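Structural overview for review
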Amino acid sequence: MAAETLTIKLAEEARQLLNCLQTGDPHASHHLARLIEADTHGALLPFAEAFAARLKDHLARFAELGVTNPDETLDEEVYQLLKAAAIDWVSMPGHGRPGEGSAEVDFA
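Here we summarise the structure given alongside this text. Because the structure is predicted, anything quoted here is derived from the model rather than measured. (Residues numbered from 1 in each chain as written. Predicted model: local features only at pLDDT ≥ 70, side-chain atom pairs only at ≥ 80, totals over all residues. Heavy atoms only, no water.)

Time to look at the overall build of the chain. Across its full length, the chain holds four helices and zero strands. Starting at the N terminus and walking to the C terminus, you meet the elements of the chain as α-α-α-α. Burial analysis of the chain (108 residues in total) assigns 15% to the buried set. The long-range fraction of contacts in the chain, counting pairs at least 24 apart against all pairs at least 6 apart in sequence, stands at 49%. As presented, the chain carries roughly 8,600 Å² of accessible surface, and 59% of it is formed by carbon and sulfur atoms. (Helix = DSSP H or I, 4+ residues; strand = E, 2+ residues; numbered from the N terminus. Buried < 20%, exposed > 50% of the residue type's maximum accessible area, 1.4 Å probe, protein only. Contact = heavy atoms within 4.5 Å. Areas by Shrake-Rupley, 256 points an atom, 1.4 Å probe, with all protein chains shown as cover.)

In structure tokens:
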């Protein structure tokens, strides 16, 4: 069986992602997934490390609070964690523990 080749047009995916984010279209996640899939050089790895640090902290908090069924709110919790990691994200990685520190970001 021949391997399937997937061509991802980065500029188009980025434009579509931006459009979906501006209009609140949930298809934004599809465009983001394609951009992540296209990341063959690990450019998004530092953000993944920041998210992992946030997730570890959150899971430890669940354990401290004695939450026995975190699956009930997992989807919303993960989304909120992604947002928190994005807020904390510093555009130049390597400044301390991933996910800590914050930068003032102005999106045009």
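Text resumes after the structure shown.
For side chains bearing opposite charge, pairing can occur when the charged atoms are close. Applying the stated rule across the entire model yields two salt bridges. In this structure, the salt-bridge partner of glutamate 12 is arginine 15, at a minimum N-O distance of 3.3 Å. Placement of both glutamate 12 and arginine 15 in helix 1 (residues 10-23) is noted, with a separation of three residues, approximately one turn of the helix. Between glutamate 13 and arginine 34 there is a salt bridge whose closest N-O contact spans 3.4 Å. Separated by 21 residues along the polypeptide, glutamate 13 in helix 1 and arginine 34 in helix 2 (residues 28-37) bring together distant segments of the chain. What makes glutamate 13 buried here is its relative accessible area of 11%. (Salt bridge = Lys/Arg side-chain N within 4 Å of Asp/Glu carboxyl O.)

The subject of this paragraph is the packing of helix 1 against helix 2. For the pair helix 1 and helix 2, interaxial distance at closest approach is 8 Å and the crossing angle is 150°. In terms of axis orientation, helix 1 runs roughly antiparallel to helix 2. The element helix 1 and its partner helix 2 pack so that their crossing is left-handed. For the pair helix 1 and helix 2, the contacting residues are Leu10, Glu13, Ala14, Gln16, Leu17, Cys20 and Leu21 in the first and Ala28, His31, Leu32, Arg34 and Leu35 in the second. The residue inventory of the contact of helix 1 with helix 2, partitioned by class, reads eight nonpolar, two polar and two charged. (Axes fitted to C-alpha atoms, helices over the stretch in contact; angles between N-to-C directions. Parallel < 35°, antiparallel > 145°, perpendicular 65-115°, else oblique. Left-handed = near helix turned anticlockwise from the far one by under 90°. Nonpolar A, V, L, I, M, F, W, Y, C, P; charged D, E, K, R; others polar.)

With that settled, the discussion passes to the side chain of histidine 58. For histidine 58, the location among the structural elements is in helix 3 (residues 45-65). Setting aside chain neighbours within four positions, we find histidine 58 in contact with Glu77 and Leu81.

Summarising the element assignment, leucine 10 is placed in helix 1. Since its relative accessible area comes to 47%, leucine 10 is described here as partly exposed. Separated by 21 residues in the primary sequence, leucine 10 and histidine 31 have C-alpha atoms spaced 9.5 Å apart. Sequence-distant contacts of leucine 10, defined by excluding residues within four places in its chain, comprise Leu35 and Ala38.

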